[in-house]
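Below, each chain spelled out in residue letters.
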Amino acid sequence: MMRFSTLIKNPADWMTGGQAEHGAVLTSRIRLARNLRRHPFPGWAKREQRALALELMRPSVEALTVMKDAFSQELGDLSSVQKQVLVERHLVSREHAARGEGSAAIIERRQSFSFMLNEEDHLRMQAIRPGLQLSSAYAALTALDTELEATLEFAFDPTLGYLTTCPTNLGTGLRASVMLHLPGLVLSDQIGQVLQAVGKIGLAVRGLYGEGTESLGHLYQISNQSSLGESEETIIRRLERVIGQVAQHEQNAREKLVEDDPEMVADKIGRAYGVLRHAHIIDSKEALNHLSLLRLGGMLGFFPADTIILCDTLLMDIQPAHLQLHSARKLSPEERDAIRAQIVRTRLQNLKSSDTSTPSADGPPSSPEPANPTDES
Amino acid sequence: MKCDFCESKASVFLTQLVEGQVKKVSLCDTCAKERGVTDPTGFSLADLLLGGITGELGGLTGGQASGTLGGTAGSSKTCPACGFTLEDLRRVRRFGCAECYTAFREEIAPMLRGMHKGASHVGKVPEGLMALQFKHQRLQDLRSRLEQAVAAENYEEAAGIRDEIHTLIPS
C-alpha cells in the first residue's frame, strides 16, 4: 500500500503534464456520485451500517486495475494536516476531510483518479486531467464505474437515474468542471459579461468573490448545474463548447491588452514579480493574485515558459497545509505568511528578471501548459 | 452588510450564476465556515438555495428558507426502508436512502423542476439493470404472444414460446 508521503511527494500528473491547447484552461475534472442499493446514505446511516458499506465498497475499488498500489486510507487514520493537504490537492472534498472513522480515500498513484468512500454519497469518484479534456476524463471514469457495477449494486431509478443523497446530483450523478485562469478578461473588465453569458445557459460559475468582481488568483470554475434530463455526453459537449469560447475570449482579451496598453500590462506583471521576489510576509490571497499575474507574464512571454509550471507548483505549495507539511509542524498564520514568502522568494531566485519591453500575446513557443493546482473544484 | 444566516457582519460574499440568474449570498466568517462556503471544492450555492427553492414551492419547508425545524413533527411522512422523515428532509435537505425517493416522490417532483433541465433520466444505465429491464420486457412480450397463441389454439407455437420463456427464467 502506498504511503502518504510517497503519494504527496510528487506533484499530480495533472499539475505538470498539461497541454497547450488552450492557455486559459488549467484542469478538467469529472465527478460521478453513486450509492449502494439497500444501504442508507452515509449521512443517515448508523455507525455499523456505514462500516458495512465501507467494507463492501473498499475491496471493489482497490481491485480496480488502475488502482493497483494505490493510496488507501481510512480518514480516521490521517492527521488533520494530511487530510487538509489532500483537500488542497483536490483529491478529497473538504466535507470528506471532516469525516473520520467509517470514511476512506483511495487515490491512484499519479493522483489522476480519486475515490471518496462514504462522503455525502457512498461513492464519489473523480478523474482530473490537465487542459480541456472532459471527454477523455469521462471516458476513463465511466469505464471504472462500469467495472465497479460488476461487484457493487448501485441505487438507480429508471426515471430519476442514479439516486444521490442530495437531489441536486440526481440522474447522471455527473459534475463536470473546468478550472480557468482568466486574467485577461479580468484586467479588461470583460469578465462579468462573459460569466453572465455562461450562467445564462445553465452552467454554474464558481469562485470566492471579494466585494469586487475579481476572484482569487483570477481563477474561475465552470461546471454543469443540472445532472438530470440530459445525457453525460450532452452535458460534457455543451461544457466543452462553452469553455472553448471562453478560452478564445480570454486569448483575444490578452492580445488586445498587450496591443492597447502594453505599459499597463507590463507594470502589473512587473509589480507582481517585485512583490513576490522581495516580500518577507505574504498571505495566501496576495500571493495568489500576484502569482496569477506572474503566470500571465509567463504566457505573454515576459518570462521564460517554465514560469508557468513554477507558478502552478507554487500555487499548491503555498497553501496552509502544504506549508505545515513542508515545515513538519503546526504553524500560526503569521509564521505561515513568513514561510510562504520565503518559499516564493527562493523559487523565484533563478527566474530571469522581467524584461517587459517586447511582450507578445502569442506567448513563448511550445510552452507546456500545466494544470493549475488551485483548481477550485 | 449583515450575514444572511445570522446577525454578524458579513465578510464572505459569494456569487454564482444559476440558470442565468445571479444569486448572491453574504455570510459571516463563522457561517461561511460552518456551511463549507470557504471550500470551493465541496460547495454549491444550490445547496444553500435549496431551502429557498423548496420554500417557494411550499409544503416542504413550510416557507422557511433556512430549513430550520419547521412544520409539525409527528404527522411527518416516513420512509419505510430507513425511517427518514419529511421532517428530516426539511432539516438537512438530503435524503436518507435510495428508497426515500419512492417514499417522497410527490414532494420531490416540484423540487426537481427548479433544479434540473429535465424530470427524467437520460444517459448511463447500470449494465446489469439494463439486462434485467430487457429481460423483463422480453418476458412480457413472450407472455402476451403465448396468450394469443393459446387463444388461437396454435399449440405448436405456444409450446415454442413456452420453451423460450423457460430459457429466460431458470427454474
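See the structure above.
Scoring rules and cut-offs
- Residues numbered from 1 in each chain as written.
- Chains lettered and ligands numbered in written order.
- Predicted model: local features only at pLDDT ≥ 70, side-chain atom pairs only at ≥ 80, totals over all residues.
- Helix = DSSP H or I, 4+ residues; strand = E, 2+ residues; numbered from the N terminus.
- Expected span 1.5 Å × (residues − 1).
- Buried ≥ 20, exposed ≤ 12 C-beta atoms within 10 Å, placed from the backbone.
- Pairing = 2+ DSSP bridges.
- Axes fitted to C-alpha atoms, helices over the stretch in contact; angles between N-to-C directions.
- Contact = placed C-beta atoms within 7 Å.
- Core = buried A, V, L, I, M, F, W, Y, C linked by C-beta atoms within 7 Å.
- Arc of directions from axis to C-beta.

**What about helix H7 (residues 155-168) of chain B?**
- Taking 1.5 Å as the rise per residue, H7(B) with 14 residues should run 20 Å; its terminal C-alpha atoms sit 20 Å apart, in good agreement.
- Burial analysis of H7(B) places just one of its 14 residues in the buried class, a small minority of the element.

**A closer look at the sheet that holds strand S9 (residues 203-206) of chain A**
All names here are of chain A.
- With antiparallel pairing, eight strands are arranged side by side in an open sheet as S2-S3-S4-S5-S1-S8-S11-S9. The outermost strands of the open sheet, each flanked by one partner alone, are strand S2 (71-74) and S9. Looking at each pair of strands side by side, their axes are set apart by 15° on average, direction ignored.
- For strand S3 (residues 104-107) and strand S4 (residues 113-117), the ladder comprises four bridges, and the chain directions are antiparallel. Bridge pairing in S4 places Ala105 opposite Met116.
- Sheet strands in contact with helix H6 (residues 134-149) are strand S1 (25-34), S4, strand S5 (123-130) and strand S8 (174-181), and its direction is about 25° off that of S1.

**What about the nonpolar core?**
- Core analysis: the largest hydrophobic core is formed by 128 residues, its most contacted members being Ile106(A) and Leu180(A).
- When residues no more than four places from it in sequence are discounted, the contact partners of Leu180(A) are Ala24(A), Val25(A), Leu26(A), Tyr220(A), Ile222(A) and Val246(A).

**Brief notes about helix H10 (residues 262-278) of chain A**
All names here are of chain A.
- Over its 17 residues, H10 runs 24 Å from end to end, which matches the ideal 24 Å to within 8%, given 1.5 Å per residue.
- Inspection of H10 places Val265, Ala266, Ile269, Ala272, Tyr273 and Leu276 among the buried residues, and these make up the whole buried set. In an axial view of H10, the angular spread of the buried residues amounts to 135°, which keeps them on one side of the axis. Of the exposed residues in H10, the ones pointing more than 90 degrees away from its buried face are Glu263, Met264, Asp267, Gly274 and His278.
- Contacts from the buried residues of H10 go to helix H9 (232-260), helix H11 (284-300) and helix H14 (333-348).

**Quick notes on the pairing of S9(A)**
Residue and element names in this part refer to chain A.
- The two faces of S9 match: Leu203 and Val205 on one face and Ala204 and Arg206 on the other face are all buried.
- With four bridges joining them, S9 and strand S11 (residues 219-224) adopt antiparallel strand pairing. Each residue of the ladder has a partner; that of Arg206, found in S11, is Gln221.

**Things to note about unusual backbone geometry**
Residue and element names in this part refer to chain A.
- In this structure, His90 is a non-glycine residue whose phi angle is positive, near 65°.
- Within the secondary structure, His90 is located in the loop between helix H4 (80-88) and helix H5 (94-97).
- Judged by the 26 C-beta atoms lying within 10 Å of it, His90 falls in the buried class.
- A positive phi angle is found at His218, which is not glycine, with a value near 55°.
- Within the secondary structure, His218 sits in the loop between strand S10 (208-209) and S11.
- Judged by the 25 C-beta atoms lying within 10 Å of it, His218 falls in the buried class.

**A closer look at the pairing of S8(A)**
Residue and element names in this part refer to chain A.
- Taking burial as the measure, the eight residues of S8 include eight buried ones, the bulk of the element.
- Examined bridge by bridge, S8 and S11 share five bridges and lie antiparallel to one another. Bridge pairing links His181 to Leu219 in S11.

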